[in-house]
Amino acid sequence: IILPKSLTVTGTTVSTKSYDGTTAASLVGGTLSGVVGSESITLNQSGTFANANAGSSILVTATDSISGSTAANYLLVQPSGLTGNINPKQISISGAVANNKIYDGFSSATMSNWGTVSTGVATETLTLNHGSAVFSDANAGTSKVVTASGYSIADGSNGGLARNYVLASTTTTTSAD
């Protein structure tokens, strides 16, 4: 009986990713130690985060494989002790609509729709909280800029956790008369 030779993987790092709702991890930089002579063995790197949520130093399990004409002569020893980061996904506010108003000497604005955020991850939703809205000035006019501000996000439904997301801006603009 000829037993396969163990190959070790060194130098592996985990690529940082933005939250995408999956545990898929991208491993890079690994090299094989123990290949006999000039045999050509290819290292295919992949891994899995311990959980899909945004965070730092999350444990990653390597699921590397090898290929090549003599790959069956080797037993791959997976790298261990790997950790990686999942950054919160950046999202933007869209669809804000301000109401027209009659001149009253004040710049305060009312909104018929404070807007929404789309996570873009499966069916996850978030709650969008808002603050206040103002016209660019108190004078009469058409298509005046209205700035809505004080936005924040909270947990939604279908697994939508606010900690996995970050607003690109806590303000948005629209226009009204």
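Details of the structure are given in the entry above.
**Structural notes on the pattern of salt bridges**
If you walk through the whole model with that rule in mind, you get 3 salt bridges. Of the charged contacts, one joins K17 and D20 as a salt bridge, the two residues approaching to 2.9 Å between their closest N and O atoms. Residue D137 pairs with K144 through a salt bridge whose shortest N-O separation is 2.8 Å. Judged by its relative accessible area of 12%, K144 falls in the buried class.

**Some thoughts on the environment of M111**
For M111, the position within the fold is in strand β16 (residues 111–113). Of the residues examined, M111 reaches a relative accessible area of 12% and is grouped as buried. With 65 residues separating them along the chain, M111 and A176 place their C-alpha atoms 9.8 Å apart. In contact with M111, other than residues within four places in its own chain, are A96, V97, A98, N99, A133, V146, A148 and T174.

**Details of the sheet that holds strand β20 (residues 144–149)**
What the 3 strands build is an open sheet, ordered β19-β20-β23; its pairing is antiparallel. If you trace the sheet from one side to the other, it starts and ends with β19 (132–135) and β23 (171–176), each paired once. For this sheet the average axis-to-axis angle between neighbouring strands, irrespective of direction, equals 25°. When β19 meets β20, the two strands line up antiparallel, connected through 4 bridges.

**So, the sheet that holds strand β6 (residues 31–33)**
Across the sheet, 3 strands lie side by side as β6-β1-β11; this open sheet has mixed pairing. At either margin of the open sheet sits one strand with a lone partner, and together these are β6 and β11 (74–77). Taking each pair of neighbouring strands and ignoring which way they run, the sheet shows an average axis angle of 35°. Relative to β6, strand β1 (residues 5–10) runs antiparallel, the two sharing 3 bridges.

Cut-offs and rules
Residues numbered from 1 in each chain as written. Predicted model: local features only at pLDDT ≥ 70, side-chain atom pairs only at ≥ 80, totals over all residues. Heavy atoms only, no water. Salt bridge = Lys/Arg side-chain N within 4 Å of Asp/Glu carboxyl O. Buried < 20%, exposed > 50% of the residue type's maximum accessible area, 1.4 Å probe, protein only. Helix = DSSP H or I, 4+ residues; strand = E, 2+ residues; numbered from the N terminus. Contact = heavy atoms within 4.5 Å. Pairing = 2+ DSSP bridges. Axes fitted to C-alpha atoms, helices over the stretch in contact; angles between N-to-C directions.

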